[in-house]
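For reference, the chains in residue letters:
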Amino acid sequence: MEDANNQKSFFAVQDFYPDDFAWCYGCGRLNDHGHHFRTRWNNEETLTEYIPLPQHIAVPGFVYGGLLASLVDCHSTGSAALALYRQDGHELGDAAPVPRCVTASLKIDFIKPTPLGQRLTVRGRIVEIGRRKVIVHSDVYAGDTLCAKSEVVAVLAPETMRPPI
């Protein structure tokens, strides 16, 4: 079974975000117009895959860099949520609520132009984890070609971001 972005079905951290934190344009499952990026564990790394659409063009044949920044952003906050959840002794599917992280800092280096029409793979590594902050290093590939590298500092979303009840 595959989803709308031709990904095999699997549980992703975004599937477990509370409804009030599931609206992100990049990864929110409740945003009908969003990208629906999905992040999961792949052994000790995290993984997000996505096929850019024709409208994600920068110049003919290549992906707009802002899409890559969005992809890295959502991949990294999802990776941070996975890491914090695991640190607390949980795995996806447990009854405990999954934490929601937001980006405190995003640095991306564009290594090579990213071709349109290819599946992009983001591989993340947790390089530092605290109680509320996680640093994630990620690489974006088109096939075997490294296109971008990033470092994201993600923090737990503050309660002030939750809508009033």
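Because the structure is predicted, anything quoted here is derived from the model rather than measured.

Trainee: Would you mind showing me how to read the nonpolar core here?
Mentor: Judged by nonpolar contacts, the single largest core of 33 residues is most densely connected at Y17, F37 and C101. Counting residues per element, the ones that place at least two in this core are α1 (65-87), β3 (101-110), β4 (120-129), β5 (133-142) and β6 (145-156). Once residues within four sequence positions are removed from consideration, F37 is found in contact with Q14, G26, C27, T48, Y50, L67, S70, L71 and C74.

Trainee: Help me understand the pattern of salt bridges, please; the structure alone is not making it clear to me.
Mentor: Pairing is possible between side chains of opposite charge, provided their charged atoms come close. Throughout the structure, instances matching the rule amount to 9 salt bridges. For the salt bridge of E44 with R86, the shortest nitrogen-to-oxygen distance reads 3.7 Å. In this pair, E44 is assigned in the loop between β1 (39-42) and β2 (45-50) and R86 in helix α1, connecting sequence segments 42 residues apart. On the accessibility criterion, R86 (27% relative accessible area) is partly exposed. Via salt bridges that share partners, E44, R86 and E91 belong to a single interconnected network.

Trainee: Even after reading the chapter, I still don't get the pairing of β6, so can you show me in this structure?
Mentor: Both faces of the sheet carry side chains from a regular strand, because those side chains alternate between them. Note that β3 and β6 share 9 bridges and pair antiparallel. In the sheet register, K107 faces β6, and the bridge partner there is E151. Sheet analysis places β5 next to β6, joined by 10 bridges and oriented antiparallel. Paired with K133 across the strands is V155, a residue of β6. In this antiparallel pair of consecutive strands, β5 and β6, the connection spans 2 residues, and G143 shows a positive phi of 65°.

Rules used in this analysis
- Chains are numbered independently. Their residues run from 1 in the order of the written sequence.
- Per-residue local features are limited, in this predicted model, to residues with pLDDT of at least 70; the limit for side-chain atom pairs, both in listing and counting, is 80 or more; totals at the level of whole chains, interfaces and linings are taken over all residues.
- Side-chain metrics rest on all non-hydrogen atoms present in the structure, leaving aside hydrogens and water.
- The criterion is simple. A nonpolar core is a set of buried Ala, Val, Leu, Ile, Met, Phe, Trp, Tyr and Cys residues joined through side-chain atoms within 4.5 Å.
- Only protein chains enter the calculation, and the probe is 1.4 Å; a residue is then buried if its accessible area is under 20% of its type maximum, exposed if over 50%, and partly exposed in between.
- Helix numbering and strand numbering both begin at the N terminus, where a helix is a DSSP run of H or I of at least 4 residues and a strand a DSSP run of E of at least 2.
- In what follows, a contact means two residues having at least one pair of non-hydrogen atoms within 4.5 Å.
- Any Lys or Arg side-chain nitrogen found within 4 Å of a carboxyl oxygen on Asp or Glu counts as a salt bridge.
- Pairing between two strands is assigned when DSSP locates at least 2 bridges connecting them.

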